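Spelled out, the chains give:
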Amino acid sequence: MNDLTANLSYESHSLGHEGTRLSAIEKLGLAAAGVGILLLALALFGVSETTSPLTVQLWLASAWGLTIAGGLAFGLKKHLKDRPGIRNHDKTRESLTARGAIGWTLAVVLTSFYILLYWFGGALEGLTRLHDPLSELMRGKPADQWFMYGTFYTMAILIMGAKALAKYRHSRYQLVRICVIMLVQLSFAYMLPALFAKLNEREVYLSYLWPLAYD
């Protein structure tokens, strides 16, 4: 009975927040990711065609380096310190998922970003120019807003994918599924089109294929 009680206690779906206290590594990871994201945001106003190439390279490396390192440190520590599996405790009550302030704010930010990306690309010029060194390396030409967006999307897939691998490390199916998603995004959706561009060919994306591009 004691063992059964202990197991039931361990599996409790309590609405409490006893396990939400962050460790030192998680705090450092969030701090590093926050600074990296701030550097990316500041590029909107601080980077232009007249900015020296060395400054842009250092800015780009610092921004993405901190964002990736911080995101991985937080995500991996968060899940590796606990047992693998789904954690849906109190998800329907959180501000992010229950139409709270965080959820609405994030929705406005993401919607505004896509509006700028599709119809007012010039407003993102500084952020686009920040990715010129990477675009020159991969494609042999300066970045445009789509390469910048592709970089953001790919980095998000890789960081969140690594986080998911730690979370679902008990399931072979989940590990294979997540690895395939990460590999396809990195290779076919990001690196392969850049290789075609560097070879002076058309940048072929998977979205060009039927039925995604039915015309």
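Residues numbered from 1 in each chain as written. Predicted model: local features only at pLDDT ≥ 70, side-chain atom pairs only at ≥ 80, totals over all residues. Heavy atoms only, no water.

A. The side chain of Lys167, seen in detail. By the element assignment, Lys167 lies in helix α7 (residues 145-167). Although Lys167 is buried, it makes no salt bridge; Asp82 carries the closest opposite charge, 9.9 Å away. Non-local contacts of Lys167, meaning those with residues more than four positions away in its chain, are made with His79, Pro84, Gly85, Ile86 and Arg87. (Helix = DSSP H or I, 4+ residues; strand = E, 2+ residues; numbered from the N terminus. Buried < 20%, exposed > 50% of the residue type's maximum accessible area, 1.4 Å probe, protein only. Lys, Arg positive; Asp, Glu negative; His and termini not counted. Salt bridge = Lys/Arg side-chain N within 4 Å of Asp/Glu carboxyl O. Contact = heavy atoms within 4.5 Å.)

B. The pattern of salt bridges, seen in detail. What the rule picks out here adds up to four salt bridges. The partner of Arg129 in a salt bridge is Asp132, with the nearest N and O atoms 2.7 Å apart. This pair shows no difference in class: Arg129 is buried, exactly as Asp132 is. Here the residues in one salt-bridge network are Glu125, Arg129 and Asp132, joined through shared partners.

C. Region of the structure containing helix α8 (residues 172-198). Across its 27 residues, α8 extends 37 Å between first and last C-alpha, which sits within 8% of the 39 Å expected from 1.5 Å per residue. When we look at burial in α8, the residues that qualify are Gln174, Ile178, Met182, Gln185, Tyr190, Pro193, Ala194 and Ala197. Looking at the packing, one finds that the buried side of α8 touches α6 (132-139) and α7. Directly after α8, the chain includes Asn200, whose backbone phi takes a positive value near 60 degrees. (Expected span 1.5 Å × (residues − 1).)

D. Up close: the packing of aromatic side chains. Tallying each qualifying case throughout the model produces nine aromatic pairs. Pairing Tyr118 with Trp119 gives two aromatic rings, centres 6.1 Å apart and planes at 50 degrees, and the pair type is tilted. Among the residues examined, Trp119 registers a relative accessible area of 65% and is labelled exposed. An angle of 20 degrees between the planes, with centres 5.8 Å apart, marks the rings of Phe147 and Tyr190 as stacked. (Phe/Tyr/Trp six-rings, centres within 6.5 Å; stacked < 30°, edge-to-face > 60°.)

E. Region of interest: α6. Among all positions of α6, only Asp132, Ser135, Met138 and Arg139 are buried. Here the buried residues of α6 occupy an arc of 135 degrees about the axis, which is enough to place them on one side. (Arc of directions from axis to C-beta.)

F. Highlighting the packing of helix α3 (residues 53-80) against α7. The contact between α3 and α7 brings their axes to 8 Å, and the two run at 20 degrees. Put simply, α3 runs roughly parallel to α7. With respect to the hand of their crossing, α3 and α7 are arranged in right-handed fashion. Between α3 and α7, the residues in contact are Trp64, Thr67, Ile68, Gly71, Leu72, Gly75, Leu76, Lys78, His79 and Leu80 and Thr151, Phe152, Met155, Ile159, Ala162, Lys163, Ala166 and Lys167, respectively. Per-class residue counts for the contact of α3 with α7 are ten nonpolar, five polar and three charged. (Axes fitted to C-alpha atoms, helices over the stretch in contact; angles between N-to-C directions. Parallel < 35°, antiparallel > 145°, perpendicular 65-115°, else oblique. Left-handed = near helix turned anticlockwise from the far one by under 90°. Nonpolar A, V, L, I, M, F, W, Y, C, P; charged D, E, K, R; others polar.)

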